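The chain contents come next:
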Amino acid sequence: MKKKMERDGEGTVSSPTQRVSDGRSISPTRVRPGPDPFLVTCRLFSFVTALAAILCIAVNVYSAVRSFKNGYDVFDGTFRCYAVVIAIIVVVAETEWGFFIKFWKVLEFSAGRGMLQIFVAVMTRAYPEDYGHRNDLILVRNIASYLLLTCGAIYIISGILCFGFIKRARQAKEVSREQAIKDLQDLERQREELEALLIQERA
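Residues numbered from 1 in each chain as written. Predicted model: local features only at pLDDT ≥ 70, side-chain atom pairs only at ≥ 80, totals over all residues. Heavy atoms only, no water.

> Help me out: how do you make sense of empty space enclosed by the protein in this one?
Which parts of space are left empty comes out when a probe the size of a water molecule is rolled across the atoms. Scanning all chains against the criterion turns up one cavity of 30 Å³ or more. Space inside the largest cavity adds up to approximately 30 Å³. Lining the largest cavity are Val90, Ala93, Glu94, Leu107, Arg113, Leu116 and Gln117. Elements that contribute at least two residues to the lining of the largest cavity include exactly helix H3 (74-94) and helix H5 (110-125). Grouping the amino acids of the lining of the largest cavity by side-chain chemistry returns four nonpolar, one polar and two charged. (1 Å grid on protein atoms, 1.4 Å probe; cavity = no way out; pocket = protein on both sides within 12 Å on 5 of 7 lines; lining within 4 Å. Points joined across faces, edges and corners; volume = space filled by probe spheres on them. Helix = DSSP H or I, 4+ residues; strand = E, 2+ residues; numbered from the N terminus. Nonpolar A, V, L, I, M, F, W, Y, C, P; charged D, E, K, R; others polar.)

> I'm lost on the layout of surface pockets in this one. Help?
Size it by volume and the largest pocket reaches roughly 440 Å³. Along the walls of the largest pocket sit 20 residues, with Cys42, Glu96, Ser110, Tyr155 and Lys167 positioned nearest its centre. Those elements that place two or more of their residues in the lining of the largest pocket are helix H2 (37-70), helix H4 (98-103), H5, helix H6 (135-160) and helix H7 (163-202). Tallied by class, the residues present in the lining of the largest pocket amount to eight nonpolar, seven polar and five charged.

> Is there a simple way to think about the environment of Ile157 in this case?
In this structure, Ile157 sits in helix H6. Spatially, the C-alpha atom of Ile157 lies 8.7 Å from that of Gly114, the residues being 43 residues apart in sequence.

> Please clarify how the packing of H5 against H6 should be interpreted in this entry.
Each packed pair of helices is defined by two parameters, the angle between the axes and the distance between the axes. Interhelical geometry of H5 versus H6 gives an angle of 160 degrees and a closest axis separation of 7 Å. Classified by the angle between their axes, H5 and H6 sit roughly antiparallel to one another. Every pair of crossing elements has a handedness; the one defined by H5 and H6 is left-handed. Looking at the contact of H5 with H6, its residues break down into 12 nonpolar, nine polar and three charged. (Axes fitted to C-alpha atoms, helices over the stretch in contact; angles between N-to-C directions. Parallel < 35°, antiparallel > 145°, perpendicular 65-115°, else oblique. Left-handed = near helix turned anticlockwise from the far one by under 90°.)

Right under this line is the structure:
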């Protein structure tokens, strides 16, 4: 028993687990929790919103090209160009790129995103109604605009219910947890390196 304690004190036992005060051992890979269901749902919803915004971009680009090419409505073409730019902002906001959000603080909040998405949906659904015989394009336009409109409404409702605050709090908790796991793994690696050095010195 004494010899075993001396071995533990000298650090010559090369166990891949971390020792805790109650004598048990915990592996860093075992303490890693599963993904947060709330955050997974938020990421899935962001993907759907970004997809709807991309469809709106495609429809508005086609409408703008058609307007400028035929020369029958320059104002509609300009209107569509603005819709494309704003829809791109919607897509980038859904990626939650830190550099972008830093300059667009209003898009950090669910209500701000929702209002912008509804604005893009309305711009996409606006005139003209005449697409010739392209009924498929009319269908895509309606799907994209109403889908983005629905996403915007959900964002506004979630903002009213303070889901954005809950999301940011859980994101911060997730980052802290991942950092703690990383620190634990670093400590475990350093311990194993020290044990290897001690073994080499005693050899």
